[in-house]
Amino acid sequence: MSTTIPSQNDLASRPTAGAPPVTTPVTDPVTPVLKGRGLVKRYGSVTAMDHADFDLMPGEILAVIGDNGAGKSTMVKAVCGAVVPDEGTLELDGEAVLFRTPIEAQAHGIEIVYQNLALSPALSIADNLFLGREIRREGFLGKYLKMLDRRKMHDFARTKLSELGLTTIQNINQLVETLSGGQRQGVAVARAAAFASKFVVMDEPTAALGVKESRRVLDLIQDVRARGMPIVLISHNMPHVFELADRIHIHRLGRRLCVVDPQSVSMSDAVALMTGAMAPPPAAEAVA
Amino acid sequence: MSETTAPAKREMQDFERVLTSSSSELARFDEPRRSPLQHIQHFLHSNPTVVPVLVLVVSTLIFGAIANNFFTAFNLTLIIQQVTIIGILGIAQTLVILTAGIDLSVAAIMVLSTVVMGGLSVNMGLPSILAVPIGLACGILCGAVNGGLVTLFRLPPFIVTLGTWKIFFALVLWLSAGQSIRSQDIDASAPLLKLFGGTFSLMGAQFTTGSVVMLLLFVLFFYVLNSTAWGRHVYAVGDDRDAARLSGIDTDRVLLSVYAVAGGLCAFAGWVSIGRVGSVSPQSFFEGNLDAITAVVIGGTSLFGGRGSIVGTLVGALIVGVFRSGLNLSGVDVLWQQFAVGALIILAVAIDQWLRKVSA
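Residues numbered from 1 in each chain as written. Chains lettered and ligands numbered in written order. Predicted model: local features only at pLDDT ≥ 70, side-chain atom pairs only at ≥ 80, totals over all residues. Heavy atoms only, no water.

(A) Representation of the overall build of chain A within the structure. What chain A contains, in helices and strands, is 10 helices and 10 strands. Out of the 288 residues belonging to chain A, those deemed buried represent 55%. Per element, the accessible surface of chain A, about 12000 Å² overall, is 53% carbon and sulfur. (Helix = DSSP H or I, 4+ residues; strand = E, 2+ residues; numbered from the N terminus. Buried < 20%, exposed > 50% of the residue type's maximum accessible area, 1.4 Å probe, protein only. Areas by Shrake-Rupley, 256 points an atom, 1.4 Å probe, with all protein chains shown as cover.)

(B) Quick peek at the side chain of T164 of chain B. All names here are of chain B. Along the chain, the position of T164 falls in helix α8 (residues 157–176). On the accessibility criterion, T164 (4% relative accessible area) is buried. The residues contacting T164, other than those within four sequence positions of it, are S105, V145, N146, L149 and F169. (Contact = heavy atoms within 4.5 Å.)

(C) Up close: the state of the cysteines. Residues and elements named next belong to chain B. As enumerated under the stated definition, the model contains 0 disulfides over all chains in all. In this model C138 remains outside any disulfide bridge; the closest cysteine sulfur is found in C142, 4.2 Å from its own. Given a relative accessible area of 17%, C138 falls into the buried group. (Disulfide = S-S within 2.5 Å.)

(D) Layout of the pairing of strand β2 (residues 205–208) of chain B. All names here are of chain B. For strand β1 (residues 199–202) and β2, the ladder comprises 4 bridges, and the chain directions are antiparallel. Following the sheet pairing, S201 is matched in β2 by Q206. Once β1 ends, the chain turns through 2 residues before running back antiparallel as β2, passing M203 with a positive phi of about 50 degrees. (Pairing = 2+ DSSP bridges.)

(E) View of α8 of chain B. Residue and element names in this part refer to chain B. Relative to the 28 Å expected for 20 residues at 1.5 Å per residue, α8 spans 27 Å between its end C-alpha atoms, a close match to the ideal helical length. Listed in full, the buried residues belonging to α8 are P157, V160, T161, T164, W165, F168, V172 and S176. Buried residues of α8, seen end-on, are gathered within an arc of 140 degrees and therefore sit on one face of the element. Structural note: α8 exposes K166 and W174 on the side pointing more than 90 degrees away from its buried face. In this fold, the buried residues of α8 make contact with α6 (106–123), α7 (128–152), α13 (251–277) and α14 (288–298). (Expected span 1.5 Å × (residues − 1). Arc of directions from axis to C-beta.)

(F) Local environment of the sheet that holds strand β6 (residues 110–113) of chain A. Residue and element names in this part refer to chain A. Across the sheet, which stays open at both edges, the 6 strands sit in the order β6-β7-β8-β3-β9-β10 with mixed pairing between neighbours. In this open sheet, the two strands that pair with only one neighbour each are β6 and β10 (255–260). When strand polarity is set aside, the average angle formed by the axes of neighbouring strands in this sheet is 20 degrees. In the sheet, strand β9 (residues 247–252) pairs with β10 via 5 bridges, with the strands oriented antiparallel. Considered in β10, the bridge of H251 is made with R256. Packed on one face of the sheet, helix α8 (residues 211–226) meets β3 (61–66), β7 (199–203) and β8 (231–234) and runs near 155 degrees to β8. (Axes fitted to C-alpha atoms, helices over the stretch in contact; angles between N-to-C directions.)

(G) Representation of the interface of chain A and chain B within the structure. With 36 residues of chain A at the contact, the number on the chain B side is 31 residues. Interface area, chain A with chain B, both sides summed: about 2700 Å², of which 61% is carbon and sulfur. Among the ionic pairs, E177 of chain A bridges to R307 of chain B, the shortest N-O distance being 2.6 Å. Taken together, the links from chain A to chain B amount to 10 residue pairs in polar contact (both at pLDDT 80 or more). Among the elements of the structure, α3 (102–107), α7 (181–195), α8 and α10 (267–275) of chain A are those that each provide at least two residues to the side of chain A that touches chain B. The leading source of residues in the side of chain A that touches chain B is α10 of chain A, at 4 residues. In terms of residue class, the side of chain A that touches chain B is made up of 18 nonpolar, 9 polar and 9 charged. (Buried area = accessible area lost by both parts, 1.4 Å probe. Salt bridge = Lys/Arg side-chain N within 4 Å of Asp/Glu carboxyl O. Polar contact = N/O pair within 3.5 Å; in protein donor to acceptor, adjacent residues only side chain to side chain. Nonpolar A, V, L, I, M, F, W, Y, C, P; charged D, E, K, R; others polar.)

Shown next, in the form of C-alpha cells:
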C-alpha cells in the first residue's frame, strides 16, 4: 500500500529548495503494531493534529521528533488514549481500536513512561510497580478480605527489576523518594516493560537526568527493545535519538512529514526537516 | 545544509571551553556520608510513628512519677475510655488527611447521626434496630456529599467541609429542635443505642465495650490501609494525585469512597457516643472536629497527604488523653492542658516538615 500526501510539498519545502515531489511510501509487508491514519484533533480553532499518520513496526524503536508545537505530543497522546482524536483510525495489530482513556490503552497492552514518571514517591518500589493493578491473595483472604498477595507481587517485582539489570536496587520495599532520578526512571521503565504486551511509549526519558544516569537509561531502553518490545521514543535529544532509533518519524505542522533512517540522514538534516529548512528526502531515502 | 557533521563533532565555542574541566557527574542523589542527625532523620522518615510512640511512653512515665494515682489500672483505662470517640473520629480524619484533604465536619456528622438515631427511635417510636442503620446511612450520605463536592466540583476540601460543618450543624438543631434526648428515655425505648456503653472488668480495670470496639476499628483500618489495594490507593492519591491517575487509579472514586467511609465512621462514633455520654445532645462534641485533627497531626500523619499511619492516630489520641489526665491529676490548671496540646501540635508539624526535607 502506498500513500501520497499531496499537500506535503507546499507545507514542507520552501520555494527556493526546488525539491522533487515527495511521496512517503508506507509499504507494509509486515503488519504494523500500531497504525494510525488521518488522525485529526482540533482544539477550538487550533488544529493540533492535521490528518497525521503513524506506523510502529514490530520490535523497533521509533523516535518521534518535531519542533515545539508541531503536535507530536498530541499525536502520541492519541496513540495511547490520553487524547481522543476527532477523526481518523487506529489499528492495533491490524484490528481497529479506539482508546478513550489511558486505562483503556493500558488494557490493550500499551504502557507509557511519562516524563514526570507518574510514580508515587511515598510508596515503595513494589507498591509503585503494581499501583492500579494489585494482585490479591487467592481464596477467602483475597475474595472477601481483599488481601493483597505481597509475596507474589514482591517476587514479580524482583524478577522484573533484575531482568532489566536493575540490581542496584536492593530493597524493593524502599520508598521511591529515596531513589535517584535515574533509578526512578528505571522503576518507571521496568513497570512499563513488565506490563506492556504491545508496545511502550517513552516521553523524554532522559530529559531530567545527568550524563551518567542518561547512559544507564539508554542501555535500559535497548534492553527493553532486545526483549522484542517495540518502543515509541519522544525526545528532543538528537544524539540519543540517533543512537537508539531504528526509524525516525519527523512530525511537522500537525502531521507526519516523513520517516527517515538514522543511518542515512544526519542530525542537522533531521533538524532541518523538522524546522522546515529542508524538504523531505525523495521516496527512495525514506524508510518504510 | 552543508554542515552535515553531528553536533558532537563540531568545534567548541569559547564559552564552552570552561566545561572541559568541570565535573560531568551531574546527578548524584545519594549522599555518601551522613551526619548522625541525618541518620536519625532518615530513620524517622521511614518510621514516622516512632516519634509519637516515644512521646507517649515518656509522657506516661513522667506523669506516672509525678502525678498521684496516674499509674493505676483504673486511670489508664479511663484514659482509653476518654479517647474512644476522638479515636474513632480520628480514624475517619486520618483517611481524609491521607488523601491530602481535611474534614472539618466529622463531629457535625457524628452529632447529626445521633440526633437521627435518637429522634427516630425515641421520639418517633421507630424500632431502634431500624433507627441505627438509618443513622449510619445518614453519616455515609453526609460523607458522600462532602466527597461529591470535592470530586465533582473540584472544590477544596477545607472549604467544602467548613460549609457542610455549618450545614450539618444547622440540620442538627432543626431536627432536634435544640432539645436533648434524656438518658432515661433512651433506656426505656431504645436500649440498643447504648450498646457500646456497657462496661466489664478485667484484672481490676474497667473497660467499656466502646473502647474495645474503637481498638478493633484501628486494627481493621490498619489492615485495610496496608493490605488492600484500596488502602494503597488512598496513599497514592494523597501523595501525587496525577501520578495515581496516570497509573490507572480512578482517583475520584477513591476520594469519594474515602469521604463516604469517613462519614460512616463518624456516624458509628455517634452510636458509640450515645453509650458513653448516655444522652443525645445537639450541643455535644463541639470541639470534636479539631480534637480529631489534633490526634491525627500529633500522631505524625502529614497534612500534605500520602504520609502517616493509622497507628499514629491512636497514639496521638492517647497522648492527648495522657496529657489531660496527667496534668489534671498533678493539680495543674486546665488552661495548661490546652497549652500543652497546642505545643504538641506545633512540634508534630515541625517534625513533619523536617522529615519531608529528606526527599528534597
